[in-house]
Structures are given as C-alpha cells and as structure tokens.
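Below are the chains, spelled out letter by letter.
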Protein chains: 2
Amino acid sequence: MNELAEIKEDFVTQWGALGSQWGVNRTMAMIHALLLVSPKALTTDDIMLELSVSRGNANTNLRELVSWGLIRQIVIKGERKDHYEAEKDTWKIFCIVARERKRRETEPASKVLSHCIDRSKKIKSAEGKELHQQLTALNDFVDLANTIMEKVASKEQSALLPKVLKLLA
Amino acid sequence: MNELAEIKEDFVTQWGALGSQWGVNRTMAMIHALLLVSPKALTTDDIMLELSVSRGNANTNLRELVSWGLIRQIVIKGERKDHYEAEKDTWKIFCIVARERKRRETEPASKVLSHCIDRSKKIKSAEGKELHQQLTALNDFVDLANTIMEKVASKEQSALLPKVLKLLA
DNA sequence: TTAGGTTTTCAGAAAATACTGAAAATATAA
DNA sequence: TTATATTTTCAGTATTTTCTGAAAACCTAA
C-alpha cells in the first residue's frame, strides 16, 4: 500500500475510534471519514470492501448519514448502484453537527426541565420554591445554549467568525 | 409520597435517561440530578437507597463526578461517612461541562488530525495535496471550537452573556 | 494494637448497543 | 412480464458498556 492510502486508512480508523466520544457509532464515523477523504463518490460495495463491514451495517449507517445531511446520494450516469459523497464544506458540517446536537441533547433536556418546572410551580413550601428556582436556573441556561446553537448554525460563516474572534479577544 | 418528592424523583429519573445522549452513564446523571435538587449533602448510602444502585456503582460514579468538579465531598462534624453536595451555580456547571467536552471530544480529534496532516505534508501528488487541504480545513475548525470553548469557559458569566446576545441579535 | 465502620476495587453478570448475513422488498433492463 | 441487480430489513449473534456484590484496603476511636 502506498503512503497516501496508508494515511487515509489511518485517518479513517482513528476517526472511527473517536466516534464513540462524539455519540456516533464506529462504523458511521468511519464511513463519514472515508467519504471525507475520498475524491470520488463510493458505492455501498466499495465501503463494505474498504471497511470490512457487512452490507446491513453499511446500508444502515449510510442512510443515517444521509438523514443527518453529512453525505448525499448521487447518481452516476449508466451506473445502477447508488453512489455517496460527503459534504466537504467544514462550516456546513459544523452547522449540521450543531443542529443535530441541539435536537438530541439540549431540546430533550429543556423538555424535561420545563415539565418539572411546571409541576413545581404549585408547591408552596420553602423547599418547593427552592426546587423551582434551581430547575428554572438550569432551564434558562439550557435554553440559552439552544438559542445560541440555533442562531450560530443558521448564519453564514463569513458573517460570524470575525465577530466571535473579536468577542473573545 | 408527597408531590414535591414525586417531582424530584421524576426529574432524577428523566435526567438519568438523558445522560446517555450527553455521553454520561445513567447512574452518573441520576446522582448528579439527585444532588442538584437535594437541599442537603448526601452520603453514599443515601444515594444507594434513593436510586436503588449498588455500593460499587454509587462509589464509582460519585468519584467520577468529583473528578469532573460537578460535586464535592464535604465533611460534617461528628459524622464518619463522606457527604456529597452538588455545585449549583449554573454558569460553573456549564464551564465544567465545556471543559470536559473539550478534553474528550475536540482535543483528541485535533490530535488525530494533526498527526495525519503531518504525514500528508510529504505527499506531492494532486490527491495528496487534496487530502492535506481537506484535513487542514477540518483541523482549523476543530481548533477554533477548542479555542472558543476554552475562552468562554474561563470567563465570568456577567462579562460574556451580554456580548453573546448582542452578537446574535 | 485492634475492632468496627467506611471506602475502594474488581471479577463476573446483566444490560445496552452494534453488527452480520440472509431473506424480503424494491427497482431496472430485457 | 420475467429475470436480474440492488437495497432494505431484521432475527440472531457479538461486542461493549454498565452494574453488582463481596472481598480487600483503608480509617478512626478506644
């Protein structure tokens, strides 16, 4: 194997191992990495071969990646098999990940908190007030995080980055 | 069980279920939630009883929470057992979570990318250049996220929030 | 010391998650 | 339509993660 292929393989493998820390399974992370560094679109069979995974596994994770918007199906004239290519624009990738995390992390948390806050409103004891206050403080924060992710992910990169850097100066 | 206790129990249970989405195991999330809404510090036995978990499980997760800085051990005069209480300041909680995510997510990613970028520098082919460029773009982004988390988490809440809100207006 | 109380560790069990492979469903060409 | 290629589904299996419970280690008071 040539050096280039070795580096790619190394990247794909290690990125897959990182996946679990990011809340995605190994295969999904590896497929994403593979497509990110592939100059051309790949078929399910290409991916099965390259990563040594089953057809079912490849299929499931390809569909999941498509549903996230991290990869897309493309049609190649004269070919029957589906081909997949990754979104390579890093800002778009960032926006997609931010949106997904909001959906999976902060929104459910806010839902749980809101529900409990609602119920705690009625409690008049000092301890009840304290609970209400603590949950509300948490929820305000989670909502703020929600709003920030929402807004950031919907902006153009060029409009935002200079401002962020200035803010942190 | 009175209404207040019910609400707390509900919160603890549901927060625990959310934990997995945040990359924390259920018990750790539940212990954290329990201490967050507990007006007084609790012992390992209190927690075992309240959450129906084993001593080993409680002990391990309490230690993990302490190591994150989300809870602390406190000594109560005349008592032999360790007592634990949660950090309740939401901004501090946010900073801790941000720091930990940086450590577990963006730093390892950056490490993998840097290493591959280093190796890809040598490759002279067009495809090699393309790989190098793609990995670099990814790494720039991950590093930026790193820097932002770092800076945000080290600032006072009062200094930062107004600016963030203005930025997103 | 030492005896009893408390915490830590860790091997094995249980639960949750991910993967395989083959059958079923679907799509396309002849 | 029929034959063939391709994709999807899912029951069963494998792997990983989490949890238990009891033994070992560690404290503290007497």
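Preceding this section is the structure that the text describes.
Predicted model only: the values in this text are computed from it and were never measured.

Caption draft 1: Inspection of the pattern of salt bridges at higher detail. Residues and elements named next belong to chain B. Within the structure shown, the criterion is met by 26 salt bridges over all chains. Close ionic contact of Lys102 with Glu107 constitutes a salt bridge, the shortest N to O distance being 2.6 Å. Accessibility expressed as a relative area gives 12% for Lys102, which makes it buried. Relative accessible area serves as the criterion here: at 33%, Glu107 is assigned to the partly exposed category.

Caption draft 2: The packing of helix H6 (residues 126-154) of chain A against helix H5 (residues 90-120) of chain B, seen in detail. The contact between H6(A) and H5(B) brings their axes to 10 Å, and the two run at 45 degrees. With respect to H5(B), the axis of H6(A) lies oblique. Seen from above, H6(A) lies across H5(B) with right-handed handedness. Residues A:Ala137, A:Leu138 and A:Phe141 of H6(A) form the contact with H5(B), whose participating residues are B:Thr90, B:Trp91, B:Ile93 and B:Phe94. A per-class count over the contact of H6(A) with H5(B) returns six nonpolar, one polar and no charged.

Caption draft 3: Quick look at helix H1 (residues 3-22) of chain A. Along its 20 residues, H1(A) runs 28 Å from first to last C-alpha, staying within 8% of the 28 Å computed at 1.5 Å per residue. Of the positions making up H1(A), those classed as buried are A:Leu4, A:Ile7, A:Lys8, A:Phe11, A:Val12, A:Trp15, A:Gly16, A:Leu18 and A:Gly19. Close packing links the buried residues of H1(A) with helix H2 (26-36) and helix H3 (44-51) of chain A together with H5 and helix H6 (126-154) of chain B. Of the residues flanking the start of H1(A), the one acting as N-cap is A:Asn2, its side-chain oxygen 3.1 Å from the backbone nitrogen of A:Leu4. Following H1(A) by one or two positions, A:Gly23 adopts a phi angle in the positive range, close to 80 degrees.

Caption draft 4: Just the environment of A:Ala58, in detail. Residue and element names in this part refer to chain A. Mapped onto the secondary structure, Ala58 falls in helix H4 (residues 55-68). As a C-alpha pair, Ala58 and Ile47 span 11 residues in sequence and 7.1 Å in three-dimensional space. Beyond its immediate chain neighbours, meaning those up to four positions away, Ala58 contacts Ile31, Thr44, Ile47, Met48 and Val53.

Caption draft 5: Representation of the protein's contact with DNA strand C in the model. The environment of DNA strand C is formed by 15 residues, the closest being A:Thr27, A:Ser54, B:Asn59, B:Arg63 and B:Asp82. Sugar plus phosphate: this is where 76% of the atoms of DNA strand C within 4 Å of the protein reside. Contact distances for DNA strand C include 3.1 Å between a phosphate oxygen and a side-chain N or O atom of A:Asn57. Here B:Asn59 contributes a side-chain N or O atom positioned 2.5 Å from a phosphate oxygen of DNA strand C. Sort the elements by how many residues they give to the surface near DNA strand C and helix H4 (residues 55-68) of chain B lands first, with four residues. Tallied by class, residues from the surface near DNA strand C come to one nonpolar, eight polar and six charged.

Caption draft 6: Region of interest: the side chain of B:Glu105. Note that B:Glu105 resides in helix H5. Non-local contacts of B:Glu105, meaning those with residues more than four positions away in its chain, are made with A:Gln21, A:Trp22 and A:Arg101.

Caption draft 7: Looking closely at the protein's contact with DNA strand D. Contacts to DNA strand D come from 15 residues, most closely from A:Asn59, A:Arg63, A:Asp82, B:Thr27 and B:Ser54. Counting only atoms of DNA strand D within 4 Å of the protein, the sugar-phosphate share comes to 74%. One of the side-chain nitrogen or oxygen atoms of B:Asn25 is found 3.5 Å away from a phosphate oxygen of DNA strand D. Contact between DNA strand D and B:Thr27: a phosphate oxygen at 2.7 Å from a side-chain N or O atom of the residue. Listing elements by their share of the surface near DNA strand D, those giving two or more residues are H4 of chain A together with H4 of chain B. Of the residues forming the surface near DNA strand D, the biggest block, four residues, is contributed by H4(A). Here the surface near DNA strand D is built from residues that sort into one nonpolar, eight polar and six charged.

What counts, and where the lines are drawn
- Residues numbered from 1 in each chain as written.
- Chains lettered and ligands numbered in written order.
- Predicted model: local features only at pLDDT ≥ 70, side-chain atom pairs only at ≥ 80, totals over all residues.
- Heavy atoms only, no water.
- Salt bridge = Lys/Arg side-chain N within 4 Å of Asp/Glu carboxyl O.
- Buried < 20%, exposed > 50% of the residue type's maximum accessible area, 1.4 Å probe, protein only.
- Axes fitted to C-alpha atoms, helices over the stretch in contact; angles between N-to-C directions.
- Helix = DSSP H or I, 4+ residues; strand = E, 2+ residues; numbered from the N terminus.
- Parallel < 35°, antiparallel > 145°, perpendicular 65-115°, else oblique.
- Left-handed = near helix turned anticlockwise from the far one by under 90°.
- Contact = heavy atoms within 4.5 Å.
- Nonpolar A, V, L, I, M, F, W, Y, C, P; charged D, E, K, R; others polar.
- Expected span 1.5 Å × (residues − 1).
- Polar contact = N/O pair within 3.5 Å; in protein donor to acceptor, adjacent residues only side chain to side chain.
- Near = heavy atom within 4 Å.

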